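This is what each chain is made of:
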Amino acid sequence: MTSGSDGQPVSAAGGEAQPGVLARVDGYILSDDPARLDFEAVHAYLRRSYWAKNIPLQIVQRALKASLCIGLYAPDGAQVGLCRLISDYTTFCYVSDVYVLEAHRGRGLSKAMMRAALEHPRLQGLRRWSLVTHDAQSLYEQFGFRPVAHPERHMERLNPQIYLQETPAAEE
Ligand SMILES: CC(C)(COP(=O)(O)OP(=O)(O)OC[C@H]1O[C@@H](n2cnc3c(N)ncnc32)[C@H](O)[C@@H]1OP(=O)(O)O)[C@@H](O)C(=O)NCCC(=O)NCCS
């Protein structure tokens, strides 16, 4: 048994026959079982998120299938959050699509997901973890993330309008 950064108990996986269970927090389950992901639920959130507005369902499905996803599941089994990890499992991990649905916020669940990510057995010994956030810097600072030391060395090729340019037919 470990405890969360907010002091909440986080029980380690094991003891029960549910595949992929990484932790349990107050009746919620964190799981990396790909079969448990609810693509429609994730899409319903991401398409209204500030970073992936209007993203098509098929893009969400492809992205989740190609990533290590930590899903957050409420006591009734519904998926209510996500942390998507893009990694070579050797040197680097990019943290993406972190969210907790509004009704479930303020209970330490995003911190539990970040802890599960950083402690995940497939993500140990990496040289660099990276992420981009609009306003949640203080969340990630609790887990050792810092502003890039040399922003002038970092480059990107970004098309922030890409999903807004998609036609509705792209979701079919
Ligand atoms: C950000 C988010 C995931 C936090 O989820 P949560 O389960 O309510 O957060 P927690 O209860 O685990 O606490 C988060 C901690 O980070 C802090 N924090 C920093 N930025 C925050 C933000 N933008 N929103 C919420 N909390 C934030 C909180 O104050 C809290 O600090 P504490 O440890 O001192 O209490 C959730 O508010 C959310 O889904 N927001 C919309 C999507 C989003 O912005 N995702 C992050 C993109 S990088």
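Since the model is a prediction, treat every value here as computed from it, not as a measurement. (Residues numbered from 1 in each chain as written. Predicted model: local features only at pLDDT ≥ 70, side-chain atom pairs only at ≥ 80, totals over all residues.)

J.: Go over the site of the ligand with me, naming the residues and quoting the values.
T.: Near the ligand, the surroundings consist of 17 residues, among which Y99, R105, S110, T133 and L139 are the closest. Broken down by class, the residue content of the shell around the ligand amounts to 6 nonpolar, 6 polar and 5 charged. (Near = placed C-beta within 6 Å. Nonpolar A, V, L, I, M, F, W, Y, C, P; charged D, E, K, R; others polar.)

J.: Lay out the environment of L131 with the relevant residues and their values.
T.: With respect to the secondary-structure elements, L131 resides in strand β8 (residues 128–131). Classification of L131 as partly exposed rests on a count of 14 C-beta atoms within 10 Å. Considered as a pair, L131 and F145 are 14 residues apart in the sequence and their alpha carbons are 8.6 Å apart. If sequence neighbours within four positions are ignored, L131 has contacts with Y94, V95, Y140 and F145. (Helix = DSSP H or I, 4+ residues; strand = E, 2+ residues; numbered from the N terminus. Buried ≥ 20, exposed ≤ 12 C-beta atoms within 10 Å, placed from the backbone. Contact = placed C-beta atoms within 7 Å.)

J.: Break down the confidence of the model for the protein chain for me, citing the residues and quoting the values.
T.: Averaged over the protein chain, the pLDDT score is 90; the fraction of residues at 70 or greater is 86%. Taking the mean pLDDT of every element in the protein chain, the minimum, 40, falls on strand β1 (residues 2–3) and the maximum, 99, on strand β6 (residues 79–87). (pLDDT = per-residue confidence, 0-100.)

J.: Pulling in residues and values, what's your account of the nonpolar core?
T.: If you look at the biggest cluster of nonpolar residues, it comprises 33 residues, and the most contacted ones within it are L30, I70, L72, C83, M113, A116 and A117. Within the residue set of this core, elements represented by two or more residues are β3 (21–25), β4 (28–31), α1 (39–46), α2 (57–65), β5 (68–73), β6, β7 (92–100) and α3 (109–118). It is α3 that contributes the most residues to this core, 6 residues altogether. Each residue touching L30, except ones within four places of it in the same chain, is listed here: L22, A23, I70, L72, A112, M113 and A116. (Core = buried A, V, L, I, M, F, W, Y, C linked by C-beta atoms within 7 Å.)

J.: Any details on the pairing of β6? Residues and values, ideally.
T.: The buried count for β6 comes to 7 of 9 residues, which makes it a mostly enclosed element. Strand direction decides the pairing type here: β5 and β6, joined by 6 bridges, are antiparallel. Within β6, the residue paired with L72 across the bridge is G81. Adjacent in sequence and paired antiparallel, β5 and β6 are bridged by 5 residues, among which G77 carries a positive phi angle near 95°. Pairing of β6 with β7, which is carried by 6 bridges, proceeds in the antiparallel orientation. What sits directly across from I86, in β7, is Y94. Linking β6 back to β7 in an antiparallel pair, the connection comprises 4 residues, with Y89 at a positive phi of about 60°. (Pairing = 2+ DSSP bridges.)

J.: Can you lay out the environment of E40 for me, pointing to particular residues and giving the numbers?
T.: In this fold, E40 is placed in helix α1. The class for E40 is exposed, based on 11 C-beta atoms found within 10 Å. As for E40 and Q58, which are separated by 18 residues in sequence, their C-alpha atoms are 9.8 Å apart.

J.: Describe in detail the packing of α1 against α2, supporting the description with residues and values.
T.: Between two packed helices, both the angle of their axes relative to each other and the distance between the axes serve to describe the pair. Across the interface, α1 lies against α2 with an axial gap of 9 Å and an inter-helix angle of 115°. Crossing hand, α1 versus α2: right-handed. Judged by residue contacts, F39, V42, H43 and L46 of α1 engage L57, V60, Q61 and L64 from α2. Per-class residue counts for the contact of α1 with α2 are 6 nonpolar, 2 polar and no charged. (Axes fitted to C-alpha atoms, helices over the stretch in contact; angles between N-to-C directions. Left-handed = near helix turned anticlockwise from the far one by under 90°.)

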